[in-house]
Amino acid sequence: MNINTRLKLSVSIPVIMALVIMVALIFSYQEMSRVQEAGDTVRQIRSSITELNHLVFSYTLYHEERPKQQFFAEHEYLTGLIENTQLLHPQQQQLLDKIRQNNQTMEALFIQLVSAYESGDTTGAGDRLTGLLLLRSYEADTSAAVLRGLLDADTRTTEIRTVGLILLVLGLASVPLTIVLKGTRQGIMSSLSNLSEGAAVIGSGNLDYKIEEKGSDEITDLCRTFNRMTSNLKAVTASKADLEIEIEVRKKAEEALKQSEEKFRIVSDFTHDWEYWRSPDNRFIYMSPSCLRFTGYSNTEFIDDFYLYLRIVHPDDLARVELHMLEDMQNMETAELEFRIIRRDGQQRWLGHVCQPIIDAEGNLLGRRSSNRDITKRKEAEEQIRELVEELKVHQEELEAQTEELRQSREEIKKAKDNYLDLYDYAPVGYLTLEKDSSILEANLTAAGLLGLKRDELVHSKFGDFIAADSQEAFFLHVNHVLETDARQKCEIRMHGRNGSMFYAQLESIAAHSTGIQESIRTSLSDITDRKKADHIKDEFIGMVSHELRTPLTVITGAIRTAMLEGLQPEELSLLLNDAALGAESLADILDNLLELSRYQAKRLLLTVEPIDIHELATSMVEQVQSKSSTHQFIVDKPEYLPPVQADKVRIGLILHNLIENAVKYSPLGGKVRIFFNQDNGCLTVGVSDQGIGISPEDQPRLFQPFQRLERLEQQGIKGLGLGLIVCRRLVEAHHGRIWVESEPGKGSTFYFSLPNDEQGSIASRPEPS
């Protein structure tokens, strides 16, 4: 098999492997799309259940026809969602069936509720039916949350299977590919070795040697051709001695040429001026390395890109340089030119350019040789001299007539100007003067700093270039309003600096009539990003608090209303009161955390320090949490000796309660929650571990920040404000301790907090600063 065929076979294997992977990805995408569609439907089901709750409350309060009709319309929409949801797994289908049953029961209860109110029933049946409706709604919403978690798990399983299949295909394809490539390499190396040995023998002068022609690949054909070439070379070569003489003469000539070229290269490469050679078709044949010092660009960049030379020419001089380069190839004379260039770093430099034609012995034009010399200092000196001469001519008579009073006045004006410039440049806000088209006429240092540029770079640029796309329209409306009304106007927009970072800015502008420009405005620029973030956090917090407080209040209200009805069985009454008690406890936990955080922020957190039995306190907190979650296993370890710790019993109890409740919330049903203690180096360390979903290293730093909720937990239907851990952190720090977490995804989490437990670490009964 020849080398070409082997290589084609090697190429076909990755192609087949890519096709298999593509098919696997297509099927995986279809499966994940189906699961994602089902997940979106489940989200709509939960939203519809919530809307039904609101309509029940509305009808109960007002007994109007509109909420009744909206309830039946929303119920019909929810029924359609449930019927159109297609699930493959039995467990998911069971949850969907449970939602369907609760939905049907809610419809029947609502019909009874409507009949009770329309018949004018005064026995309280309407309130009882309202409570039962809310309980059924709560069960349906819980089933939908669990179903959403199962669908997310299906998505992750599909991703893992797809990755496994791709890895398997890669592994299976690598074996035959390696075998084919290894065989090809061995064949090529064997043939090349045979050819190399034969070439070495022939190169030593033995033209009678024949290279062995073994195999049937392309290198064997090359060996056959090499043998024919040797035979032809032997026929045309007079003798070996003549050949050696010819080789020796050629070597001497090549060495002389090499030395000559080396001398030319040294002279050219180490010349101080910037030298280059252009061909008749305007290509660079040679470029001296000194161009890097002149321009900041290397000689290879100029040779690879001829138009780079023109791009660095100053725009005001570009036309003259282009005309010169066009004419110098036609005039065949030495030419001189002075022009400016812009270096890579933005600096401007003046060049003195001299070029002359290169003509060979036959009179043919080989191009132009050019030399560039840096004359920036000379041009600057000439410009300074010219300016000085002009200034002397213009102000000679004024300088002779100048008095001491004028000199003092000028000093005062200069001082006032310096003071104004200092106030202008270092003001806490940015100041700019803009044209109508947003061109920047002037700006202070603060404005340049906000936009990440030097002032020289900022001036004459477009202010609109720094405004985000979604704020462009608002900015130009602001400019037009200022010019039309001639009154001071404000607006808030989003902007970005030179590095691309976004920030919120407030503009306050007024028309400027003293600049001499017909349509210009003066604008102050303030960074209000921190204020915007604070407003966002406040709005988000208010929304979360409203939602989290409404949930337990709904359960309490529904349970109490139902419990007030007559004719309830003791078991039903006990269940309703238990639901109301759990809702009240949940509401109390939220308020306790809010109060503690408020006291800390207001510097009114007063600790009552006393000796406490930490083991007894932990056991008490476990009993409180266990009364609300009997499905988890709680383990409280106690070492042989655990001395009392000096701390605030109420606050330490709140820390333990929050950590244990979190462990229950994020652990599977029946999971173990373990509380343990460790006494070491004058500190008592308490740990609370669970068997839950775990926390990734990227998410762990966010846990102890205010109002931080991990997106993955919200998607799984786990509720909360994100206050528990920040409250724990503030209370532990108030005791001069520390709190941290150790966790891996899928392996559970362990939260630790340590308290000083010696005389030096005792806590004083005083407000703790923030």
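The rules behind the values
- Residues numbered from 1 in each chain as written.
- Predicted model: local features only at pLDDT ≥ 70, side-chain atom pairs only at ≥ 80, totals over all residues.
- Heavy atoms only, no water.
- Helix = DSSP H or I, 4+ residues; strand = E, 2+ residues; numbered from the N terminus.
- Buried < 20%, exposed > 50% of the residue type's maximum accessible area, 1.4 Å probe, protein only.
- Contact = heavy atoms within 4.5 Å.
- Areas by Shrake-Rupley, 256 points an atom, 1.4 Å probe, with all protein chains shown as cover.
- Phe/Tyr/Trp six-rings, centres within 6.5 Å; stacked < 30°, edge-to-face > 60°.
- Lys NZ or Arg CZ within 6 Å of the ring centre and 35° of its normal.
- Salt bridge = Lys/Arg side-chain N within 4 Å of Asp/Glu carboxyl O.
- Pairing = 2+ DSSP bridges.
- Axes fitted to C-alpha atoms, helices over the stretch in contact; angles between N-to-C directions.
- pLDDT = per-residue confidence, 0-100.
- Parallel < 35°, antiparallel > 145°, perpendicular 65-115°, else oblique.
- Left-handed = near helix turned anticlockwise from the far one by under 90°.
- Nonpolar A, V, L, I, M, F, W, Y, C, P; charged D, E, K, R; others polar.
- Expected span 1.5 Å × (residues − 1).
- Patch = residues over 30% accessible without salt bridge, like charges linked within 9 Å, V, L, I, M, F, W, Y side chains within 5 Å.

Caption draft 1: Spatial organisation of the overall build of the protein. Assigned secondary structure in the protein consists of 21 helices and 17 strands. Here the protein, with 770 residues, has 39% of them falling under the buried criterion. Of all intrachain contacts in the protein linking residues separated by at least 6 positions in sequence, the fraction that spans at least 24 positions is 60%. Summed over all atoms, the accessible surface of the protein reaches about 45200 Å², with 55% contributed by carbon and sulfur.

Caption draft 2: View of the packing of aromatic side chains. Scanning all chains against the criterion turns up 19 aromatic pairs. Following the ring pairs from residue to residue traces out a cluster consisting of Trp274, Tyr276, Phe284, Phe294, Tyr297, Phe302, Phe306, Tyr307 and Tyr309. Between lysine 379 and the ring centre of tryptophan 350, over which it is positioned, the NZ or CZ distance is 4.4 Å. Sitting over the ring of tryptophan 740, arginine 738 keeps its end group 3.8 Å from the ring centre.

Caption draft 3: Representation of the pattern of salt bridges. Counted according to the given criterion, the structure contains 36 salt bridges. Residue glutamate 457 is joined to arginine 498 by a salt bridge in which the shortest nitrogen-to-oxygen separation is 3.1 Å. Residue glutamate 457 is located in helix H14 (residues 455–458), and its partner arginine 498 is located in the loop between strand S8 (489–496) and strand S9 (502–511); the two are separated by 41 residues in the primary sequence. For arginine 498, a relative accessible area of 57% translates into the label exposed. We note a salt bridge from lysine 532 to glutamate 492, for which the minimum N-O separation is 2.8 Å. Here lysine 532 is found in helix H16 (residues 529–563), whereas its partner glutamate 492 is found in strand S8, with 40 residues between them in sequence. On the basis of relative accessibility, which here comes to 38%, the residue glutamate 492 falls in the partly exposed class. Among the charged side chains, a salt-bridge network with shared partners connects Asp316, Asp317, Arg320 and Arg340.

Caption draft 4: The side chain of threonine 162, seen in detail. Here threonine 162 lies in helix H4 (residues 125–203). Setting aside residues up to four positions removed in sequence, threonine 162 forms contacts with Ala24, Leu25 and Ser28.

Caption draft 5: Structural view of the pairing of strand S7 (residues 440–443). For strand S6 (residues 430–435) and S7, the ladder comprises three bridges, and the chain directions are antiparallel. Residue pairing across strands places leucine 432 opposite alanine 443, the latter belonging to S7. Connecting the antiparallel pair S6 and S7 is a turn made up of four residues, with serine 438 showing a positive phi of about 75°.

Caption draft 6: Broad picture of the sheet that holds strand S2 (residues 284–287). Reading across the sheet, the five strands line up as S2-S1-S5-S4-S3 and stay open at both edges, with antiparallel pairing between neighbours. The open sheet has two edge strands with one neighbour each: S2 and strand S3 (335–342). Sheet twist, expressed as the mean angle between neighbouring strand axes with direction ignored, is 25°. Here strand S1 (residues 274–278) pairs with S2 via three bridges, running antiparallel.

Caption draft 7: Highlighting the pairing of S8. Only one face of S8 is covered, namely the face carrying Gln489, Cys491, Ile493 and Met495; the face carrying Lys490, Glu492, Arg494 and His496 is uncovered. Here S8 pairs with S9 via eight bridges, running antiparallel. Considered in S9, the bridge of isoleucine 493 is made with alanine 505. Linking S8 back to S9 in an antiparallel pair, the connection comprises five residues, with glycine 500 at a positive phi of about 90°.

Caption draft 8: Highlighting the confidence of the model for the protein. The pLDDT averaged across the protein works out to 81; a share of 86% of its residues lies at or above 70. Here residues 713–717 scores under 50 on pLDDT; set against residues more than four positions off or in separate chains, the count is eight contacts. The low-confidence segment residues 759–770, where pLDDT is below 50, has 28 contacts with residues more than four positions distant or belonging to other chains.

Caption draft 9: Here's a closer look at the packing of helix H2 (residues 65–84) against helix H3 (residues 90–118). It is at 10 Å that the axes of H2 and H3 come closest, and there the two elements cross at 165°. In terms of their interaxial angle, H2 and H3 are classed as roughly antiparallel. In terms of crossing hand, the pair formed by H2 and H3 is left-handed. Only Leu96, Ile99, Arg100, Asn103, Gln104, Met106, Glu107, Phe110, Ile111, Val114 and Glu118 of H3 make contact with H2, whose side of the interface consists of Lys68, Phe71, Phe72, His75, Leu78, Thr79, Ile82 and Glu83. For the contact of H2 with H3, a count of residues per class yields 10 nonpolar, four polar and five charged.

Caption draft 10: Seen up close, helix H10 (residues 318–331). Here H10 is 14 residues long and its end C-alpha atoms lie 20 Å apart, about the 20 Å a rise of 1.5 Å per residue gives. Of the positions making up H10, those classed as buried are Val321, His324, Met325, Asp328 and Met329. Where H10 is buried, its residues touch S1, helix H9 (308–311), S3, strand S4 (348–359) and strand S5 (365–374). Looking one or two residues beyond H10, the residue adopting positive phi is methionine 332, at roughly 60°.

Caption draft 11: Local environment of a nonpolar patch on the surface. Nonpolar side chains collect at one region of the surface, where Val11, Val15 and Leu19 lie side by side and expose about 270 Å² of accessible area between them. Turning to its location among the elements, valine 11 is positioned in helix H1 (residues 3–62). Here valine 11 falls in the exposed class, since its relative accessible area comes to 53%.

Caption draft 12: Unusual backbone geometry, seen in detail. Phi is positive for serine 438, close to 75°, though the residue is something other than glycine. With respect to the helices, strands and loops of the structure, serine 438 is situated in the loop between S6 and S7. Residue serine 438 is classed as buried on the basis of its relative accessible area of 3%. A positive phi angle is found at asparagine 681, which is not glycine, with a value near 55°. Structurally, asparagine 681 is set in the loop between strand S14 (672–680) and strand S15 (683–689).

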